Amino acid sequence: MKELQSTKDYIASPELLRVADIARALQKPLLIKGEPGTGKTMLAAAIAESLDMELIVWNIKSTTKAQDGLYVYDTVARLYDSQFGEGGVNDIKKYIKLGKMGEAFRSEKQVVLLIDEIDKADLEFPNDLLWELDRMEFYIPETKETVRAKNRPIVIITSNAEKELPDAFLRRCIFHYIAFPNADMMEQIVRAHYPQLDQTLLTQALEQFYRLRNRDLQKKPSTSELLDWVQALSIGGVNPKLLRDTLPFAGVLLKKTEDLDAARRQR
């Protein structure tokens, strides 16, 4: 894999790139686990950019079914057309819309397919994808058509580790865990978003942020909360010296009442 040349470089460690190369060579999905804000999604974008490939993103929600990624049969549109005299209603192919996995299979060129936050879906979702991920094909009974991948996509799957994935699914993946960024790495991340941020403010904010993460909290603040917080501190004109003993705009960092109470008691 050629060297990355973008703001995504901070997540492209040599080890991570080697793992991505191995997953590609073995033709297995690369499963990336880590806390929110550790760069899992950016990894897929970095790999696609480095290989000059299109990135197709399938964002998973709690209601997402495996079928959604393959195809959708729009029966409502067909019924509407039949009622209002539109022609061609017998051509069912007109009402078949490929999902993100279907698009990746049909692409004339190899693409990077990101299945983002797979652990948001129900427990059966990963197992429902096993056949398609193994065989790189799926069947559409409405049209009696089998869709086969023209070029096997590079599949990257992310998980926030909110719940365990099935063993059968894990056996088919190459696994990599992205550790939460240390203070030096986090400073680079913040600087990439806010290059004009006062250095003293950033230094004190990072110290307070990591002190909080070292506490026994129900929900530790993540990168996204830190980015919002430093922006709030900057907009609010907070004196960096105050951050040694106080926690201004605490509700930006901490989202649980119990955590807010614990932070106030321990100051």
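Note that this is a predicted model, so its numbers are computed, not measured.

Quick word on the environment of Leu 233
Relative to the elements of secondary structure, Leu 233 occurs in helix α11 (residues 223–235). With 200 residues separating them along the chain, Leu 233 and Lys 33 place their C-alpha atoms 30 Å apart.

Details of the nonpolar core
Core analysis: the biggest nonpolar cluster contains 29 residues, and Met 101, Ile 115, Phe 125, Leu 129, Ile 157 and Phe 169 have the highest contact counts within it. Breaking this core down by element, the ones donating at least two residues are β2 (55–59), α3 (66–70), α5 (100–106), β5 (112–116), α7 (130–135), β6 (137–140) and β8 (154–159). The element best represented in this core is α5, accounting for three residues. For Phe 125, the contacting residues outside a window of four places in its chain are Trp 58, Ile 60, Thr 64, Lys 65, Ala 66 and Ile 118.

So, the packing of helix α9 (residues 183–193) against helix α10 (residues 199–213)
It is the contact of α9 with α10, at a shortest axis distance of 11 Å, that shows an interaxial angle of 130°. The angle between α9 and α10 places the two elements in the oblique class. Classified by chirality, the crossing of α10 by α9 is right-handed. Two secondary-structure elements touch here, α9 through Ala 183, Met 186, Glu 187, Val 190 and Arg 191 and α10 through Gln 199, Leu 202, Leu 206, Phe 209 and Tyr 210. In terms of residue class, the contact of α9 with α10 is made up of seven nonpolar, one polar and two charged.

Side note on α10
Think of an α-helix as 3.6 residues a turn; residues three or four steps apart then line up on the same face. Relative to the 21 Å expected for 15 residues at 1.5 Å per residue, α10 spans 21 Å between its end C-alpha atoms, a close match to the ideal helical length. Listing the buried residues of α10 in full gives Leu 201, Leu 202, Gln 204, Ala 205, Leu 206, Gln 208, Phe 209, Tyr 210, Leu 212 and Arg 213. If you check the start of α10, you find a side-chain oxygen 3.2 Å away from the backbone N of Thr 200, and it comes from Asp 198.

Thresholds applied
Residues numbered from 1 in each chain as written. Predicted model: local features only at pLDDT ≥ 70, side-chain atom pairs only at ≥ 80, totals over all residues. Heavy atoms only, no water. Helix = DSSP H or I, 4+ residues; strand = E, 2+ residues; numbered from the N terminus. Core = buried A, V, L, I, M, F, W, Y, C linked by side-chain atoms within 4.5 Å. Buried < 20%, exposed > 50% of the residue type's maximum accessible area, 1.4 Å probe, protein only. Contact = heavy atoms within 4.5 Å. Axes fitted to C-alpha atoms, helices over the stretch in contact; angles between N-to-C directions. Parallel < 35°, antiparallel > 145°, perpendicular 65-115°, else oblique. Left-handed = near helix turned anticlockwise from the far one by under 90°. Nonpolar A, V, L, I, M, F, W, Y, C, P; charged D, E, K, R; others polar. Expected span 1.5 Å × (residues − 1). Polar contact = N/O pair within 3.5 Å; in protein donor to acceptor, adjacent residues only side chain to side chain.

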